[in-house]
Amino acid sequence: MRAIVVGAGIGGLAAALSLRRAGCEVTVLERTPRFAEIGAGIQLAPNATRVLRRLGLLDAVAARAARPSRLSFRTWSDGAEICHYTLGRAAENAFGAPYLQVHRADLHRALAAAVPPRTVRLDTAVVGIDQDDASAHVTTERGERLAADLVVAADGVRSAARERLFGADGAVFSHTAAYRALLPAEAVADLELPEYGIWLGPDRHFVHYRVRGGELLNVVAVVGAESARESWTARAEPGEQLREFDGWDSRVLSLLERAGQVFRYGIYTRAPLARWNIGRVTLLGDSAHAMVPFQAQGAAQAFLDAAVLGDVLAGVTPAEVPDALDRYVRRRLPTATSVQAGSARTGEDYHLPDGPEAQARNARMAAYAAEREFGPHAAAWELDAPDEPRTRPV
């Protein structure tokens, strides 16, 4: 079985590993000439780390990760705790895998190291995808026409493959932008921050957690915005993030002031699709279901796509590929679409204006936490698990 994966991001590399595990010969095509270290954190809930375990990478990723013991929600103005939820060993025992917070580059490096170098072709842009009854074909910018039994398009939120399959629908601006920065954890030790905190305020929220074994603090400050570039490298104007969070708790302002270089990027999504596949070609990850990051499930859903894709293709013949891709989409699309919608609702809830709505939200969160060990976001950690079904109520 021959497979071509378009895109060597987190989802594409996970797909390549899962397909190789299923017995496929895989070629990964990546348009960038080299892998770059993107200075950003990423959260891996148990539904993601279960997949990493299946791929044999959990230990390598965990060795460079932080393992928070709990999540603390705070009010924007004075930092008073609204509620907290358990993570750490209790979550690992309950969900069968750890909750990890990692540097994106560390995760990508672990995935890339597990893929044989000959499998990945860098500096190879894809300009066309077509198929017939017997095979699928990818045309590169250099004019090569490569054949395979299936093509997996993992080319991100601005997926060109999605447009070729389903027509132009474009990335959708979420009307939110994020400031992000990484700084040494020891540089803010005096602030007595919760190890993992989310601060909620009108039209804004602020997140911080540790990565790289606790050495670095990842900071993400999300604001409502009319427009923003989708760029990992666009720099914020000096002091811009402080003006956006004027009046917030002094610890938040101190973090933003000490952050050094701050980047600003627009958060974009894709509209839900009724299907992700046509014949021998399918979407995976952000190309299929890019979502706002407010439940920390974007990477997890891509990992689950990869795991299920490998499951349905194990043991099939080339002639059976279209039916196998139908099974992949039937299994994954409802869950990913549900998580996508839930993430959007979470963002709306985080940004409620001061007054009765925010007070009711805070009371609701506190009441939920008083009765349950894990937060409502943990419901997603049970869904579509590729290993043994989990039925323990959250």
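One can find the structure itself at the top, above this paragraph.
Quick caveat: nothing in here was measured; it's all calculated off a predicted structure. (Residues numbered from 1 in each chain as written. Predicted model: local features only at pLDDT ≥ 70, side-chain atom pairs only at ≥ 80, totals over all residues. Heavy atoms only, no water.)

Draft legend 1. Region of the structure containing the sheet that holds strand β15 (residues 216-224). Here we have seven strands laid out as an open sheet, ordered β5-β4-β13-β14-β15-β12-β16, and mixed in their pairing. Looking along the sheet, the strands with just one partner apiece sit at the ends: β5 (81-86) and β16 (263-269). Strand-to-strand twist in this sheet, taken as the mean axis angle between neighbours without regard to direction, amounts to 20 degrees. Bridge count for strand β12 (residues 172-184) against β15 is nine bridges, and the pairing is antiparallel. Its bridge partner lying in β15, Ala181 is registered against Val219. The sheet strands contacting helix α12 (residues 356-371) are β4 (70-75), β5 and β13 (196-201), and the helix crosses β5 at an angle near 35 degrees. (Pairing = 2+ DSSP bridges. Helix = DSSP H or I, 4+ residues; strand = E, 2+ residues; numbered from the N terminus. Axes fitted to C-alpha atoms, helices over the stretch in contact; angles between N-to-C directions. Contact = heavy atoms within 4.5 Å.)

Draft legend 2. Representation of helix α2 (residues 46-54) within the structure. When you tally the buried positions in α2, you get seven out of nine residues, the bulk of the element. Those residues of α2 not exposed but buried are Pro46, Asn47, Ala48, Thr49, Arg50, Val51 and Leu52. Next to the buried residues of α2 lie β3 (41-44), α3 (58-62), α4 (88-95), β6 (100-103), α5 (104-114) and α10 (298-313). One or two steps after α2, the chain reaches Gly56, where phi turns positive at roughly 80 degrees. (Buried < 20%, exposed > 50% of the residue type's maximum accessible area, 1.4 Å probe, protein only.)

Draft legend 3. View of the nonpolar core. Leu44, Leu107 and Phe303 are the most contacted members of the largest nonpolar core, which has 71 residues in total. Take this core: its biggest share by element is ten residues, from α10. Apart from the residues within four sequence positions on either side, Leu107 is in contact with Ile10, Ile42, Leu44, Leu52, Val61, Val102 and Phe303. By size, the runner-up hydrophobic cluster in this structure holds 35 residues, among which are Cys83, Ala94, Tyr196 and Met291. (Core = buried A, V, L, I, M, F, W, Y, C linked by side-chain atoms within 4.5 Å.)

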